[in-house]
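# Topology and contacts: notes
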Amino acid sequence: MALDVPSLDVVDVEALRALKHSVIGDPARKREVLEDAETVARLIDLLSPPPTPTPLTLNALTQSSIILGSLSYNAGPHLRHLLPALPRALLSALPASRVDARALEAVLRALKELCVAMVDVVGPRVWGTGFEPVRPGEAATDALRDLAEQGLDEVFSLDHLPLVLEPLLVPSASESTPTARTLVLTLLALSVRARRHQAAVLAVPNALESVFHALGSAQSKAREAALETLAALVKDDRQASSRLLRPHAPGRVPVFNTVRDLLSDRSALIRLGACILLANIIKSQPLRPLSASPPKAVLPAPLTHETALALVGALVRLFDEVGELRTRAVFALATLVADAVDLVQAACKLGVVDKLRALLEDSTREEEDEYSVSGSLNSEESVRLREGVLLLLSSLAMHDDPVRSTLIESHLLPPILASLRHSAIGVRASAAQCVRALSRSVGILRTSLVDSGVGKTMVEVAGDEAEDARVRVVALMALCNLVNAFSPLQEALLRDGSVQVLVDLTRSENVGLRVNALFALKNMLYKAPSDLKRSVLSILGWEHLYSLLSSPLPEIAEQSLWLLKNVAARVADVDHLFHSLGHSRLLELLEHRLAVPEPALVLQAVGVLNNIATGSTAHKRAILERQGLGTGVRGLLNHSDESIRSAAAWTLKNLIEPPPEGHHRRAHAETLAKVRQFGYERPLHQLRDDPSYNVREPVRLALHGLEGSSVGGGLHPHAYSPAARGSGR
């Protein structure tokens, strides 16, 4: 039965006011109204006044907008009762409401609340790890998510967006009150999360500049919202960052100066907003190419290293605040220092590790104090704080061994490991990322991690089918590091059945789990004893291994080939490989992989051949008897990828070198004759002046061997490429 809401023909403003007062602050009453389809429809109808609005119809428009905005606030799954009609109705009401400032503000406020409700359904969260907590009974259905996404797309369409932004774009208009401008800024600050919506706002002429000018507003709420909006608009967008930082007309204060000065504003919220904006500008810059040196922050002009250090200091000082502000500062610093060792070191000099240990203790204590009211605001805030602290710890430790040592010495490992079993997915994900970062350390630190039992824990997390797949993938990445290169964990995982868990994961439907399980197995087998290799391979199964090697997915095939390369490190291992997999089938597969367009697959395939070529006379002969392999390796000598040219040259050098069982002159002469039949000498001579030493050196050795002399003192078969070593995640 419909509630007492006036019809379009008879507008009873007093009835609307009564309904407004009954729903504001009363969740049960809101649900009652939302579930009455006729009442909701009549309220939405009141958003469409006649062509010539009267004070009465404008008042009805205002009251119904306030009611619908209240119904939208924290609507959760009940939002479905307002979609898809309400976004269209509010957008249509904007032109008529412009004649009355109060009506316009009511419509904009309702639109803001609706957009926030829709983006809460669609995600992602505006700050955090991106792992969304799902409360019982509040999970959004796919249908609701689709409706909310469509509603947001409608608001941010270029047909409607200029109309929404008009109070901001034309501040001199009579209806553009300070409150209306603040509402538009808040709508943008809270709703711009998808890249397409970000691009839509940036495409509106003068939108970015108008938001920046709002930093001069007398209203603190407007300035806070302007900073948040600017941060959302430049996030991951280098062009938008450059556009914001470009010099303005002479006499105008540069944007950078304005934002930098806000780092010392009296308002903590303004300082936080300025920090997040500058952090997003810095992180929008492309990372430098990977190198052996730890990564450092990339700063666009006019930002300087001193500005970046001031930014780090401002964020660390905000850790002394309380509540959401402190938590957001923790997340912001985690983003800023990620892949920037110079900023990590600056934060550590400011005592950030001690502050994080205290915050972790505080969040744990607050959660335990509130165990009986799980889901309360305080409890949720403590969970978010722990999530942020763990994420920041992982950012600090990812590239710096001294920082990893400091974290271990600060006794942070026990609370990190305990967080792996936390009820909140974001906390578990951040804890797994922490273990991953710590496990990238040198041997002595990794040993302390292994002694803590973290390896078994990571296997349990990875093998838990009830866990989110993303958390399981991060756990596997940590395990990849823990088992890398002679780790004492290798034998332990074989004994306790963990290898079987990893093998099972290589059959997962989730590609990330399959790839990282293979990655862990590959690292286990690097320089491992032959008996350990055979035990692992017996669990993996030769037919399953062959199916992985033949996978159409490049990332699966690459890790499988790499695993095979680590297996074939000794003559006895190659013998076992030839016998168990069948040398004809194996070499045929490698021949096929040498001809694929993906350089990563080619590199691993030629790496397997290189290791086989270091074996016995029979192993060398098996390679040379295949015309496709011989011509394939010759073609790779001219490959555009330096690593592949180097690998092909090392393979020839090892084919030419006498076998380890002893120098049999006749057999060696036959090998040299076979090599010459493939016409390797000409491309080798052409490579003598290759710009890369990693190519020139094996070429020199191969040519020396072809002249009939023993190369002698052969280099390690894995020396041709860093990719042959165990690898971290």
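Report on the accompanying structure. Computed from a prediction, not measured in an experiment: that's the story for all the values here.

What the protein contains, in helices and strands, is 40 helices and 0 strands. Taken across its 729 residues, the protein has 55% of its residues classed as buried. Taking as baseline every contact in the protein between residues at least 6 positions apart, the subset at least 24 positions apart corresponds to 73%. Surface accessibility of the protein: about 30700 Å² in total, with carbon and sulfur atoms responsible for 53%.

For helix α15 (residues 268-283), spanning 16 residues, the distance from its first C-alpha to its last is 22 Å, which sits close to the expected 22 Å at 1.5 Å a residue. When you tally the buried positions in α15, you get 14 out of 16 residues, the bulk of the element. Its side-chain oxygen 3.3 Å from the backbone nitrogen of Leu269, Ser267 forms the N-cap of α15.

In this structure, Ser97 sits in helix α5 (residues 85-97). A polar contact of 2.8 Å, which involves the side chain of Ser97, links it to the backbone oxygen of Leu94. With near-sequence residues (within four places) excluded, Ser97 lies in contact with Leu61, Ala103, Leu104 and Val107.

Bringing the side chain of Ser70 into the picture now. Tracing the sequence through the fold places Ser70 in helix α4 (residues 55-72). Not counting chain neighbours up to four residues away, the residues in contact with Ser70 comprise Val23, Ile24 and Lys30.

Right, let's talk about the packing of aromatic side chains for a bit. Throughout the structure, instances matching the rule amount to 2 aromatic pairs. A ring pair is formed by Phe519 and Trp562, whose centres lie 6.3 Å apart and whose planes are at 50°; its orientation type is tilted. Residue Phe519 is located in helix α29 (residues 511-525), and its partner Trp562 is located in helix α32 (residues 554-567); the two are separated by 43 residues in the primary sequence. Its relative accessible area of 4% is what places Phe519 among the buried residues. Plain terms: the ring middles of Phe678 and Tyr680 are 5.8 Å apart, the flat faces sit at 40° to each other, and that makes the pair tilted. Each member of the pair, Phe678 together with Tyr680, is buried. Positioned above the aromatic ring of Trp562, the side-chain terminus of Lys522 is 3.6 Å from the ring centre.

About the cut-offs
- Residues numbered from 1 in each chain as written.
- Predicted model: local features only at pLDDT ≥ 70, side-chain atom pairs only at ≥ 80, totals over all residues.
- Heavy atoms only, no water.
- Helix = DSSP H or I, 4+ residues; strand = E, 2+ residues; numbered from the N terminus.
- Buried < 20%, exposed > 50% of the residue type's maximum accessible area, 1.4 Å probe, protein only.
- Contact = heavy atoms within 4.5 Å.
- Areas by Shrake-Rupley, 256 points an atom, 1.4 Å probe, with all protein chains shown as cover.
- Expected span 1.5 Å × (residues − 1).
- Polar contact = N/O pair within 3.5 Å; in protein donor to acceptor, adjacent residues only side chain to side chain.
- Phe/Tyr/Trp six-rings, centres within 6.5 Å; stacked < 30°, edge-to-face > 60°.
- Lys NZ or Arg CZ within 6 Å of the ring centre and 35° of its normal.

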